[in-house]
Amino acid sequence: EQEIQVYHRFDLSQRIEHFVFLLSFSLLGFTGLPQKFPTSPISQAIVNLLGGIEQTRLIHHFSAGVMMVVSVYHVLMLIYKIYVLRTPLSMFPLIQDFIHLSIYYLPF
């Protein structure tokens, strides 16, 4: 029987950060599109579901604030990890990655 190895790409704080970013982005879309297209029946239903246009705007603005905070946190953590912890930039694609892409995935 072969042993299964598990690799964690992100630590817990990074997973939480990405989840909060995903949630705030989704809420921005869910509350922003009805404001952009207010005459659509689905937009009116969403606004009514959220308690009216003022409540929808409040959620939208709060989500924008959360997204800005998470974005600043992300950049600060990136700077800290690169310049203080000297973590290698393993997420950036290198030349070897493009060579692998051309060998394994491109049809020519």
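Nothing here was measured: the structure is a model prediction, and the numbers come from that model. (Residues numbered from 1 in each chain as written. Predicted model: local features only at pLDDT ≥ 70, side-chain atom pairs only at ≥ 80, totals over all residues. Heavy atoms only, no water.)

1. Overview of the overall build of the chain
The line we're drawing: Secondary structure elements are defined from DSSP: runs of H or I of at least 4 residues count as helices, runs of E of at least 2 residues count as strands, and each element is numbered from the N terminus. Values of the radius of gyration come from C-alpha atoms, whereas the globule rule sets the reference at 2.2 Å times the count of residues to the power 0.38. We call a residue buried when its accessible area falls under 20% of the maximum for its residue type, exposed when it is over 50%, and partly exposed in between, using a 1.4 Å probe and counting protein chains only. By the convention used here, residues are in contact when the closest approach between their heavy atoms is within 4.5 Å. Residue exposure ignores everything except the shown protein chains as possible cover, and the areas themselves are Shrake-Rupley values with a 1.4 Å probe. In summary, the charge assignment counts Lys and Arg as positive and Asp and Glu as negative, without counting His or the chain termini. To locate a charge, take atom NZ for lysine, CZ for arginine, CG for aspartate or CD for glutamate.
When its secondary structure is counted, the chain shows 4 helices and 0 strands. When the helices and strands of the chain are placed in sequence order, the string is α-α-α-α. Taken against the 2.2 N^0.38 rule, which gives 13 Å for 108 residues, the C-alpha radius of gyration of the chain at 21 Å runs more than 25% over that of a compact globule. Dimensions of the chain, computed from the C-alpha atoms along their principal axes, are close to 55 × 45 × 35 Å. Burial analysis of the chain (108 residues in total) assigns 16% to the buried set. Taking as baseline every contact in the chain between residues at least 6 positions apart, the subset at least 24 positions apart corresponds to 58%. Here the chain has roughly 9,300 Å² of accessible surface; of this, 70% comes from carbon and sulfur atoms. Of the charged side chains in the chain, 6 are positive and 6 negative, and the gap between their average positions amounts to 13 Å.

2. Digging into the environment of Val20
Residue placement: Val20 occurs in helix 1 (residues 12–36). Sequence separation of Val20 and Met67 is 47 residues, and the distance between their C-alpha atoms is 7.9 Å. If near-sequence neighbours (up to four positions away) are discounted, Val20 is found in contact with Val66 and Val70.

3. Topic: the environment of Phe30
You can see Phe30 is positioned in helix 1. Spatially, the C-alpha atom of Phe30 lies 8.1 Å from that of Ile46, the residues being 16 residues apart in sequence. Once residues within four sequence positions are removed from consideration, Phe30 is found in contact with Ile46 and Leu50.

4. What about the layout of surface pockets?
Threshold: Cavity means a closed set of points on a 1 Å grid over the protein atoms alone, one where a 1.4 Å probe fits but cannot get out, pocket means an open set with protein on both sides within 12 Å along at least 5 of 7 lines, and lining means a residue has an atom within 4 Å of a point. Grid points are joined across faces, edges and corners, and a volume is the space filled by probe spheres set on the points. Ten residue types, Ala, Val, Leu, Ile, Met, Phe, Trp, Tyr, Cys and Pro, are classed as nonpolar, four, Asp, Glu, Lys and Arg, as charged, and the remainder, Gly among them, as polar.
Empty space within the largest pocket amounts to approximately 530 Å³. Elements with a contribution of two residues or more to the lining of the largest pocket: helix 1 and helix 3 (53–83). At 6 residues, helix 3 tops the list of elements feeding residues into the lining of the largest pocket. Within the lining of the largest pocket, the residues separate by chemical class into 9 nonpolar, 6 polar and 4 charged.

5. Observations regarding the packing of helix 1 against helix 2 (residues 41–49)
What counts is decided by this rule: Between N-to-C directions, angles span 0 to 180 degrees; the directions come from axes that are lines fitted to C-alpha atoms, helices contributing only their stretch in contact. If an angle is under 35 degrees, it is roughly parallel; if it is over 145, roughly antiparallel; if it lies from 65 to 115, roughly perpendicular; otherwise it is oblique. Whether a crossing is left-handed or right-handed is set by the direction in which the near helix is turned from the far one by less than a right angle, anticlockwise for left-handed and clockwise for right-handed.
Relative orientation of the contacting elements helix 1 and helix 2 amounts to 125°, with a least axis distance of 8 Å. By the angle class used here, helix 1 and helix 2 are oblique. Pair helix 1 / helix 2 crosses with left-handed handedness. Only Ser43, Ile46 and Val47 of helix 2 make contact with helix 1, whose side of the interface consists of Phe30, Leu33 and Pro34. Class assignment for the residues of the contact of helix 1 with helix 2 results in 5 nonpolar, 1 polar and no charged.

None of the figures reported here should be taken as evidence of function without further support.
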